[in-house]
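Report on the structure
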Amino acid sequence: ALLVAVSHADARAMARRAASRDGDEERAAPVAPSPRREIASSFALLGWTAFGGPAAHVALFNETFVKRAARPWMTSGTFAELLALGQCLPGPTSTQMSFAIGIARGGVAGGALSGTLFQYPGLLLMSLAGAGAAETLVNPGKTLRALAAGLSAAGVGLIASAAESLTRSQAKTATTKVLCATSAVVAYYHQTAWLFPALIAFGGCATTCEARARERWAKKEDGETRGAREDASGDEDAEEVAHLGLTPAVGGCLIVGWIVALVALGIAVSKTDYASNKELHWFEAFWRTGSIIFGGGQVVLPLLLNDVVQYDTTCSIASGATSCVRSESLTSWVTEEQFFAGLAMAQAMPGPLFNLSAYLGAVAARRAGVNVVVGIMCAWFGLFGPGVILIFAVLPFWGKFRKWRVYRRALPGLNASAVGLVVAAAFNIAFKVKSLSPFPNATVCIGMICTFCVHVVKLPRGTWTLIQAPLVVVLGGLLGLIAHGTGMN
């Protein structure tokens, strides 16, 4: 009886000590910060360090919020689905991811906070570059032209690297390789605004038909087993992505509003001339481009170039032969040199490549004698607006939409055709940069050096990887100045 009593007493003492330790641990445990505070502290830094383009931004998000976070913000499955959603919607993927991550963590207000903090550094820097460099780049001196040629060549190197990487990752099957090549060839040969979304839609239809044919030939039981596995894997994170942000009713209203704005702006522009309403024409062009572009920022380049640079064609007949000369129009919003110099600067800045729109808006406003802030707002909000509106609008429906087989079938073709546009842009811009350079052969050499430095040279992981792209752009500018100083061709 004594032993039993002692054992009971020891047990009660141990229980009291355990309870005391648990209480101390609970009191010592740090209080988790509020979601908005976490969003603000994380994205305030990311906005200034997000170099390297869309792929680098997505990798940075994954490392910060999923893999290495002490308290992961979401599962890897949810992150992958949000990435797929951004690739399927018009607009810049990394920008839409920045909003979607904030929405998943802190609701609508959290999404607005995360997206704003991620965008504003690049917006600020590119706006200042456009406002300060506009007058200088209208009639550039020899030294400035040399610097612009070097920066532009570096920009070509970055685009070529992105095109190669995207092609390897998105064109893995025979069908997607053919779609990528077809999209590149057609887009380079015939550049019109409607052709780019048509090529992307064709790619989605092609892989959808291929998947259906493959399923038709597969054994029925194998298809049912495979479908069951797909449904099981797709439902793993269903609760986490079923309801995000706004209500479906509000999301539907946003989608309708986006379509109405797209149609109304097109009608308004068709009934007004550019000289009397420049701001409306700017906003409509950027809104239309932002509404039909899928994937990364490089895809938007050929469309933007066609919209902001206008040409006049003069033909003459001599000795029975007709010769035509194509030159920039006096009413062109920006010049080709200004566009390519801004493109190189945008790739050296943190944040999305779409921030090039702020620079183009500032330059166009200075050339047209319009307030610079108005030009920046028309271009920047016009290009970013559709993608941001759609990510807020579609997320409430994503829980159901993610299960549609038609989307899964079409996505490989959509991505492969979009990558083909990047390949076409790399060739198109490379030839234009060479033709504009005061030392064409040296410019090609600078482009090859920069392509090697960004695509082949591997810097240590971490900070060096993040700043590799801006370092390459700085190298291109320095090489351009050296080529000018040494009198190279």
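The structure presented is a predicted model; accordingly, all values stated were derived computationally and were not measured.

One pass over the structure, following the stated rule, counts seven salt bridges. Notably, a salt bridge pairs Arg288 with Glu284, separated by 3.0 Å at the nearest N-O pair. One end of the pair is Arg288 and the other is Glu284, both in helix α12 (residues 278-292) and four residues apart, which spans about a single turn. Residue classification places Glu284 among the buried positions, given a relative accessible area of 9%. Across the salt bridge formed by Asp307 and Arg288, the nearest N and O atoms sit 3.6 Å from each other. Pair noted here: Asp307 is in helix α13 (residues 301-308) and Arg288 is in helix α12, with a separation of 19 residues, a long-range link. Residue classification places Asp307 among the buried residues on the basis of a relative accessible area of 15%. A single network of salt bridges, built from pairs that share partners, joins Glu284, Arg288 and Asp307.

Attention now goes to helix α18 (residues 405-436). The terminal C-alpha atoms of α18 lie 47 Å apart, and with 32 residues this matches the ideal 46 Å at 1.5 Å per residue to within 8%. Its axis deflected by about 35 degrees at Leu411, α18 carries its strongest bend there, up to four residues before the proline Pro412.

Here we take up the side chain of Ser357. Mapped onto the elements, Ser357 comes out in helix α15 (residues 356-368). The buried category is assigned to Ser357, whose relative accessible area is 0%.

A separate point is the side chain of Ser152. Structurally, the position occupied by Ser152 is in helix α6 (residues 142-170). Under the relative-accessibility criterion, Ser152 is labelled buried at 8%. Residues within four places of Ser152 in sequence aside, it is in contact with Phe340, Ala341, Ala344 and Val433.

Moving on, we come to the nonpolar core. Formed by 95 residues in total, the largest nonpolar core has its most connected members in Phe43, Phe61, Ile101, Phe339, Leu356 and Leu360. Ignoring any residue separated from it by four or fewer positions in sequence, one finds Leu356 in contact with Met126, Leu301, Leu304, Phe339, Gly342, Leu343 and Ala346. If you look at the next biggest cluster of nonpolar residues, it comprises 19 residues, including Ala146, Leu158, Ile446 and Leu479.

Turning our eyes to something else, we now look at the environment of Leu254. Mapped onto the elements, Leu254 comes out in helix α11 (residues 248-270). Residue Leu254 is classed as partly exposed on the basis of its relative accessible area, which comes to 29%. Expressed as a C-alpha distance, the spacing of Leu254 and Phe392, which sit 138 residues apart in the sequence, is 8.2 Å. With near-sequence residues (within four places) excluded, Leu254 lies in contact with Leu246, Ile389, Phe392 and Ala393.

This brings us to empty space enclosed by the protein. Applying the stated rule across the entire model yields four cavities of 30 Å³ or more. What lines the largest cavity is simply Arg145, Ala148, Ala149, Ser152, Glu337, Phe340, Ala341, Val433, Leu436, Ser437 and Pro438. Elements supplying a minimum of two residues to the lining of the largest cavity: α6, α14 (336-348) and α18. Looking at the lining of the largest cavity residue by residue, the classes come out as seven nonpolar, two polar and two charged.

With that settled, consider the packing of aromatic side chains. Tallying each qualifying case throughout the model produces 15 aromatic pairs. Taken together, Phe43, Phe61, Phe65, Trp73 and Phe118 form an aromatic cluster joined through their ring pairs. Cation over ring: Lys278 sits above Tyr274, and NZ or CZ is 5.8 Å from the ring centre.

The next thing to look at is the packing of α15 against helix α16 (residues 372-394). It is at 7 Å that the axes of α15 and α16 come closest, and there the two elements cross at 145 degrees. Relative to α16, α15 is oriented so that their crossing is right-handed. Facing Ser357, Ala358, Gly361, Ala362, Ala365 and Arg366 of α15, the residues of α16 in contact are Val372, Gly375, Ile376, Ala379, Trp380, Leu383 and Phe384. A class-by-class count of the residues in the contact of α15 with α16 yields nine nonpolar, three polar and one charged.

Analysis parameters
Residues numbered from 1 in each chain as written. Predicted model: local features only at pLDDT ≥ 70, side-chain atom pairs only at ≥ 80, totals over all residues. Heavy atoms only, no water. Salt bridge = Lys/Arg side-chain N within 4 Å of Asp/Glu carboxyl O. Helix = DSSP H or I, 4+ residues; strand = E, 2+ residues; numbered from the N terminus. Buried < 20%, exposed > 50% of the residue type's maximum accessible area, 1.4 Å probe, protein only. Expected span 1.5 Å × (residues − 1). Bend = angle between axes of the 7 residues up to and from the residue. Contact = heavy atoms within 4.5 Å. Core = buried A, V, L, I, M, F, W, Y, C linked by side-chain atoms within 4.5 Å. 1 Å grid on protein atoms, 1.4 Å probe; cavity = no way out; pocket = protein on both sides within 12 Å on 5 of 7 lines; lining within 4 Å. Points joined across faces, edges and corners; volume = space filled by probe spheres on them. Nonpolar A, V, L, I, M, F, W, Y, C, P; charged D, E, K, R; others polar. Phe/Tyr/Trp six-rings, centres within 6.5 Å; stacked < 30°, edge-to-face > 60°. Lys NZ or Arg CZ within 6 Å of the ring centre and 35° of its normal. Axes fitted to C-alpha atoms, helices over the stretch in contact; angles between N-to-C directions. Left-handed = near helix turned anticlockwise from the far one by under 90°.

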